[in-house]
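The chain contents come next:
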Amino acid sequence: QVQLVESGGGSVEAGGSLRLSCAVSGYVRYSGSLYCMGWFRQAPGKEREGVARIFFTGSGSTAYADSVKGRFTISRDNVKNTLYLQMNSLKPEDTAMYYCAAGRARTFGVCQIIPDQYDYWGQGTQVTVSS
């Protein structure tokens, strides 16, 4: 079965940095196909929102939500089957539970940063940014 395990969350002061990791296993169903991985976050009482995504196979192209662009960097290590999210210049509004997810590319190779496109999810890792 597919398993995603996030790590690297914690508490940090505003302006600090964290690096999240997501270990991936059991992606046999995606063998030979194009798929994406993304980072999402959800704060209490808020909807789950997309943060960033990357083509885990293929080009490795990335996309970011406007709220994190220039501060966060998503990357992949295909050998280790690991997804990363480097978060710099953290703000209190970044406080949330962060989830990694995987999903198959849709028609025309589209991968959007929307939860509905992703099939597998990790358990989440908490990020708390204090003022």
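Structure first, text after, so check above.
Conventions adopted
Residues numbered from 1 in each chain as written. Predicted model: local features only at pLDDT ≥ 70, side-chain atom pairs only at ≥ 80, totals over all residues. Heavy atoms only, no water. Helix = DSSP H or I, 4+ residues; strand = E, 2+ residues; numbered from the N terminus. Rg over C-alpha atoms; globule rule 2.2 N^0.38 Å. Buried < 20%, exposed > 50% of the residue type's maximum accessible area, 1.4 Å probe, protein only. Contact = heavy atoms within 4.5 Å. Areas by Shrake-Rupley, 256 points an atom, 1.4 Å probe, with all protein chains shown as cover. Polar contact = N/O pair within 3.5 Å; in protein donor to acceptor, adjacent residues only side chain to side chain. Phe/Tyr/Trp six-rings, centres within 6.5 Å; stacked < 30°, edge-to-face > 60°. Disulfide = S-S within 2.5 Å.

Trainee: Explain the overall build of the chain to me, and be specific about the residues and the numbers.
Mentor: The number of helices and strands found in the chain is zero helices and 11 strands. Relative to the globule expectation of 14 Å for 131 residues, the C-alpha radius of gyration of the chain, 14 Å, shows essentially globular dimensions. If you line up the chain on its principal axes, its C-alpha atoms span 45 × 25 × 25 Å. Sorting the 131 residues of the chain into buried and exposed places 44% on the buried side. In the chain, the share of contacts with a sequence separation of at least 24, taken over all contacts with a separation of at least 6, comes to 57%. Accessible area of the chain: about 6,600 Å², with a carbon and sulfur share of 48%.

Trainee: Go over the side chain of R41, please, and point to the residues and values.
Mentor: Tracing the backbone shows R41 in strand 4 (residues 35–42). Separated by 3.5 Å, the side chains of R41 and S67 make a polar contact. A distance of 2.9 Å separates the side chain of R41 from the side chain of Y98, its partner in a polar contact. Setting aside residues up to four positions removed in sequence, R41 forms contacts with E47, R48, E49, V51, S67, V68, F72, E93, D94, A96, M97 and Y98.

Trainee: Describe the packing of aromatic side chains, naming the residues involved and giving the relevant values.
Mentor: Scanning all chains against the criterion turns up three aromatic pairs. The interplanar angle of 35° and the centroid separation of 5.6 Å between the aromatic rings of Y35 and F56 together place this pair among those described as tilted. Here Y35 is found in strand 4, whereas its partner F56 is found in the loop between strand 5 (49–55) and strand 6 (62–64), with 21 residues between them in sequence. The class of Y35 is buried, set by a relative accessible area of 6%. What makes F56 buried here is its relative accessible area of 2%. For the ring pair F40 and W121, a centre distance of 4.9 Å and an interplane angle of 55° mean the geometry is tilted.

Trainee: Please give an account of the state of the cysteines that cites residues and values.
Mentor: In the structure shown here, the tally under the stated rule is two disulfides. A sulfur-sulfur distance of 2.0 Å marks the disulfide that ties C22 to C100. Here the disulfide of C22 and C100 is right-handed, its torsion about the S-S bond being about 55°. One end of the pair, C22, is in strand 3 (residues 18–25); the other, C100, is in strand 9 (residues 96–104), and 78 residues separate them in sequence. With a relative accessible area of 0%, C100 lands in the buried category. Between the sulfur atoms of C36 and its disulfide mate C111 the distance is 1.9 Å. In this structure the cystine formed by C36 and C111 twists about its S-S bond by roughly 105°; its chirality is therefore right-handed.

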